[in-house]
Amino acid sequence: MNIVERVDDWVKIRNALVSVSDKAGLDVLIPGLIDANPDVQIYSTGGTYAAIAEILGSERAPSHLTRVADYTGQPETQGGLVKTLDFKIYLGLLTETYNPSHQADLERTGAVPIDIVVVNLYPFEATVARPGVTVEEARANVDIGGPCMIRAAAKNYLRVATVVEPADYPSLVASLRAQDGRLNLTTRFELARQAFAHTAAYDQAISEYLARQRVDAVPSTYTLE
């Protein structure tokens, strides 16, 4: 366990990782990030990448938007099953600014420190609220990569901001514009508290749903070999 004593109060948002199920508000967030720091780089996946590319247009997208698969060198798996679970991503999320070994690892791997993570999760609660939903449909809507990214970023509030609610985009953008594209430690800590509450509620919803299911009824959902 590494105990950190030295951190930066203000961190410039240079590299952003954006991967969201709910695309609402991206038209506010993405131009706001670029307006606050014209050199910002945005890394994204799947449908989020396509939505951001449309927002930016053909002129701005090449300068600001990178597919996670192009960054990591690992193509997304079929159906997007694995997209962001990659060493370079988590090194970028967890690295500490004043840890020489972390900085050496960034240089060794060609990774970048990720300064902000914007993630919201597969709609598990909305899925299981539908009449007649099956256990398999519920299982398919259990998000893995999203909670992992949120937790890693929130743990490293020393350097990384974690945003999980589209409703927060306008205030976030306003703060970045007012502070030359930077966020301070207090803001990052407040966002981390919200992020851990978000993943805790998500896991609780999954746990409660599974607890309501009859174990002997689960096999009927599948063709057993």
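What you are looking at is a predicted structure, and each value in this text was computed from that prediction instead of being measured. (Residues numbered from 1 in each chain as written. Predicted model: local features only at pLDDT ≥ 70, side-chain atom pairs only at ≥ 80, totals over all residues. Heavy atoms only, no water.)

Chemist: Please clarify how the nonpolar core should be interpreted in this entry.
Modeler: The tendency in soluble globular proteins is for nonpolar side chains to be buried side by side. If you look at the biggest cluster of nonpolar residues, it comprises 32 residues, and the most contacted ones within it are L17, I89, L93, V117, F124 and M149. Broken down by secondary-structure element, the contributors of at least two residues to this core are α3 (68–72), α4 (87–94), β5 (116–120), α6 (124–128), α7 (135–140), α8 (145–155) and α10 (185–212). No other element matches the six residues that α10 contributes to this core. Once residues lying within four places of it in the same chain are set aside, the contact partners of I89 are L17, V68, Y71, T72, T84 and I114. Counting residues in each nonpolar core, the second largest holds 27 residues, with V20, I30, L65 and L176 among its members. (Core = buried A, V, L, I, M, F, W, Y, C linked by side-chain atoms within 4.5 Å. Buried < 20%, exposed > 50% of the residue type's maximum accessible area, 1.4 Å probe, protein only. Helix = DSSP H or I, 4+ residues; strand = E, 2+ residues; numbered from the N terminus. Contact = heavy atoms within 4.5 Å.)

Chemist: Where do I start with the packing of aromatic side chains in this structure?
Modeler: Each pair of aromatic rings is reported with the distance of its centres and the angle of its planes. In total, this model carries four aromatic pairs according to the counting rule given. Ring geometry for Y43 versus Y71: centroids 4.9 Å apart, planes at 55°, classification tilted. Pair noted here: Y43 is in strand β3 (residues 41–44) and Y71 is in helix α3, with a separation of 28 residues, a long-range link. Taking relative accessible area as the criterion, Y43 reaches 8% and is therefore assigned buried. An angle of 65° between the planes, with centres 6.4 Å apart, marks the rings of F124 and Y202 as edge-to-face. Highlighted residues: F124 in helix α6 and Y202 in helix α10, separated in sequence by 78 residues. Just as F124 is buried, Y202 falls in that class too. Through successive ring pairs, a cluster of aromatic residues spans F124, Y202 and Y209. Taking the ring centre of Y71 as reference, the NZ or CZ of K88 above it sits at 4.3 Å. (Phe/Tyr/Trp six-rings, centres within 6.5 Å; stacked < 30°, edge-to-face > 60°. Lys NZ or Arg CZ within 6 Å of the ring centre and 35° of its normal.)

Chemist: How should the pattern of salt bridges be read in this particular structure?
Modeler: As a working rule, side chains carrying opposite charge can pair if their charged atoms are close by. The tally for this structure, following the rule as stated, stands at seven salt bridges. For D180, the salt bridge goes to K12, with nearest N and O atoms at 3.3 Å. Within this pair, whereas D180 is found in the loop between α9 (169–178) and β7 (182–184), its partner K12 is found in strand β1 (residues 10–12), the two being separated by 168 residues in sequence. R177 is the salt-bridge partner of D35, the closest N and O atoms lying 2.8 Å from each other. On the criterion of sequence distance, the pair formed by D35 in helix α1 (residues 26–36) and R177 in helix α9 is long-range, its members being 142 residues apart. Of the residues examined, D35 reaches a relative accessible area of 47% and is grouped as partly exposed. According to the relative accessible area criterion, R177 is partly exposed, its value standing at 48%. (Salt bridge = Lys/Arg side-chain N within 4 Å of Asp/Glu carboxyl O.)

Chemist: How should α8 be read in this particular structure?
Modeler: In an α-helix, one turn spans 3.6 residues, which is why side chains three or four residues apart end up on the same side. For α8, the buried fraction is high: eight of the eleven residues fall into the buried class. The complete set of buried residues in α8 reads G145, G146, P147, M149, I150, A152, A153 and A154. Buried positions along α8 lie against β2 (15–20), α4, β5, β6 (161–163) and α10.

Chemist: Explain the environment of I30 here, please?
Modeler: Mapped onto the elements, I30 comes out in helix α1. By relative accessible area, I30 is classed as buried at 0%. Apart from the residues within four sequence positions on either side, I30 is in contact with I42, I52, I55 and L56.

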